[in-house]
Amino acid sequence: QSVLTQPPSVSGAPGESVTISCAGSSSNIGAANGVQWYQQLPGTAPKLLIYANTHRPSGVPDRFSASKSGTSASLAISGLQAEDEADYFCQSYDTVDTIGYVFGTGTKVTVL
Amino acid sequence: QIQLVQSGPEVKKPGASVKVSCKASGYNFISQYIHWVRHSPGQGFEWIGIMNPDGGSTNYAQKFKDRVTLTRDTSTSTVYMEISSLLHEDTAVYYCARDSRTIYGAGMIDYFDYWGQGTLVTVAS
């Protein structure tokens, strides 16, 4: 089961901002392991949005930003657009030996 | 452009095995590791294991280490994941994903920079 907890859904009107939280623990996000964020449009492969807590790969709009504090992280989408309607999930690494890479429960973003 | 193209959907009976392929293109195949991840409604995303195409070394999550085998064919830039003794709970979409690394603090972290399109494996009697 997913180790990192996210809200099931968030929504906003076009142009508004939304924030998605990702709650972990001292063995993953809190253990100074980086947090990544991925976007998954319906029926497509996940796409890397953010790596190492705050870094955007080339081609990702600066409307997407992220932060990390303690055992939690968050992704913010500003100036919401219709094409942002998708599932978003966070990912980190867990220092417990048996688990390895861990993922969030996923959040569906709806553009009203 | 960088692509990971996976094989098509599979339907298997409990106890059978399944082998899913992931063909890489657009980059030097042996230069970056490949992960396997699965997603199911009940369990969410789970990391299965990682393969180094340069030499073939592997590392598996504890949960899968007894039933999963990762192999590769460097001549076709393809990585394979085989799961044996399938259970109903193995019904999921299986993804391959390329590993990328960056400096982080005093060390390095890795993450998944490109993903395959996913392969649905259904286990049903």
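So, here is what we can say about the structure in this document.

Cut-offs applied
- Residues numbered from 1 in each chain as written.
- Chains lettered and ligands numbered in written order.
- Predicted model: local features only at pLDDT ≥ 70, side-chain atom pairs only at ≥ 80, totals over all residues.
- Heavy atoms only, no water.
- Helix = DSSP H or I, 4+ residues; strand = E, 2+ residues; numbered from the N terminus.
- Buried < 20%, exposed > 50% of the residue type's maximum accessible area, 1.4 Å probe, protein only.
- Contact = heavy atoms within 4.5 Å.
- Lys, Arg positive; Asp, Glu negative; His and termini not counted.
- Charge placed at Lys NZ, Arg CZ, Asp CG, Glu CD.
- Salt bridge = Lys/Arg side-chain N within 4 Å of Asp/Glu carboxyl O.
- Buried area = accessible area lost by both parts, 1.4 Å probe.
- Polar contact = N/O pair within 3.5 Å; in protein donor to acceptor, adjacent residues only side chain to side chain.
- Pairing = 2+ DSSP bridges.
- Axes fitted to C-alpha atoms, helices over the stretch in contact; angles between N-to-C directions.

1. Things to note about the overall build of chain A
Step number 1: Helix and strand counts for chain A come out as zero helices and nine strands.
Step number 2: Its C-alpha atoms give chain A principal-axis dimensions of about 40 × 25 × 20 Å.
Step number 3: Within chain A, the proportion of its 112 residues that are buried is 46%.
Step number 4: If you take every contact in chain A between residues at least 6 apart in sequence, the share linking residues at least 24 apart comes to 57%.
Step number 5: Of note, chain A has its 5 positive side-chain charges centred 5 Å away from the centre of its 8 negative side-chain charges.

2. Considerations on the pattern of salt bridges
Step number 1: Considering all chains together, one arrives at nine salt bridges over all chains under this definition.
Step number 2: Two residues, Arg 63 of chain A and Asp 84 of chain A, come together in a salt bridge whose shortest N-O distance is 2.7 Å. Here the residue Arg 63 of chain A occupies a position in the loop between β4 (47-50) and β5 (64-69), and Asp 84 of chain A occupies one in the loop between β6 (72-77) and β7 (86-94), the gap between them amounting to 21 residues.
Step number 3: On the basis of relative accessibility, which here comes to 2%, the residue Asp 84 of chain A falls in the buried class.
Step number 4: Note that Arg 98 of chain B and Asp 113 of chain B form a salt bridge whose closest N and O atoms lie 2.6 Å from each other. Residue Arg 98 of chain B is found in strand β9 (residues 92-104), and its partner Asp 113 of chain B is found in strand β10 (residues 107-115); the two are separated by 15 residues along the sequence.
Step number 5: The exposure class assigned to Asp 113 of chain B is buried, which follows from its relative accessible area of 14%.
Step number 6: What emerges from the salt-bridge pattern is a single network uniting Arg 38, Glu 46, Lys 63, Arg 67 and Asp 90 of chain B.

3. Some thoughts on the interface of chain B and chain A
Step number 1: Counting residues at the interface gives 22 residues for chain B and 22 residues for chain A.
Step number 2: Taken over both partners, the interface formed by chain B and chain A buries close to 1,800 Å², and the fraction arising from carbon and sulfur atoms is 63%.
Step number 3: Considering only the surface of chain B that becomes buried against chain A, Phe 45, Tyr 104 and Trp 115 of chain B emerge as the three largest contributors, covering 34% of it.
Step number 4: Taken together, the connections running from chain B to chain A amount to zero salt bridges.
Step number 5: Put simply, chain B and chain A have five residue pairs in polar contact (both at pLDDT 80 or more) between them.

4. Brief notes about unusual backbone geometry
For residues that are not glycine, phi is negative in most cases, and the peptide bond is trans in most cases.
All names here are of chain A.
Step number 1: Non-glycine residue Ala 52 carries a positive phi angle of around 50°.
Step number 2: Residue Ala 52 is classed as buried on the basis of its relative accessible area, which comes to 6%.
Step number 3: With a phi close to 75°, Asn 53 is a non-glycine residue in the positive phi region.
Step number 4: Structurally, Asn 53 is set in the loop between β4 and β5.

5. Some details on the sheet that holds strand β1 (residues 3-6) of chain B
Residues and elements named next belong to chain B.
Step number 1: If you walk across this open sheet you meet the four strands as β1-β3-β8-β7, and the pairing is antiparallel. Looking at the sheet topology across the chains shown, the edges are occupied by β1 and β7 (68-73). Neighbour-to-neighbour, the strand axes of this sheet turn through a mean angle of 20°, independent of strand direction.
Step number 2: Direction of pairing for strand β3 (residues 18-25) relative to strand β8 (residues 78-83): antiparallel, over a ladder of six bridges.

6. What about the side chain of Gln 91 of chain A?
Residues and elements named next belong to chain A.
Step number 1: Inspection of the secondary structure assignment puts Gln 91 in strand β7.
Step number 2: On the basis of relative accessibility, which here comes to 0%, the residue Gln 91 falls in the buried class.
Step number 3: Within polar-contact distance, the side chain of Gln 91 engages the side chain of Tyr 38 at 2.9 Å.

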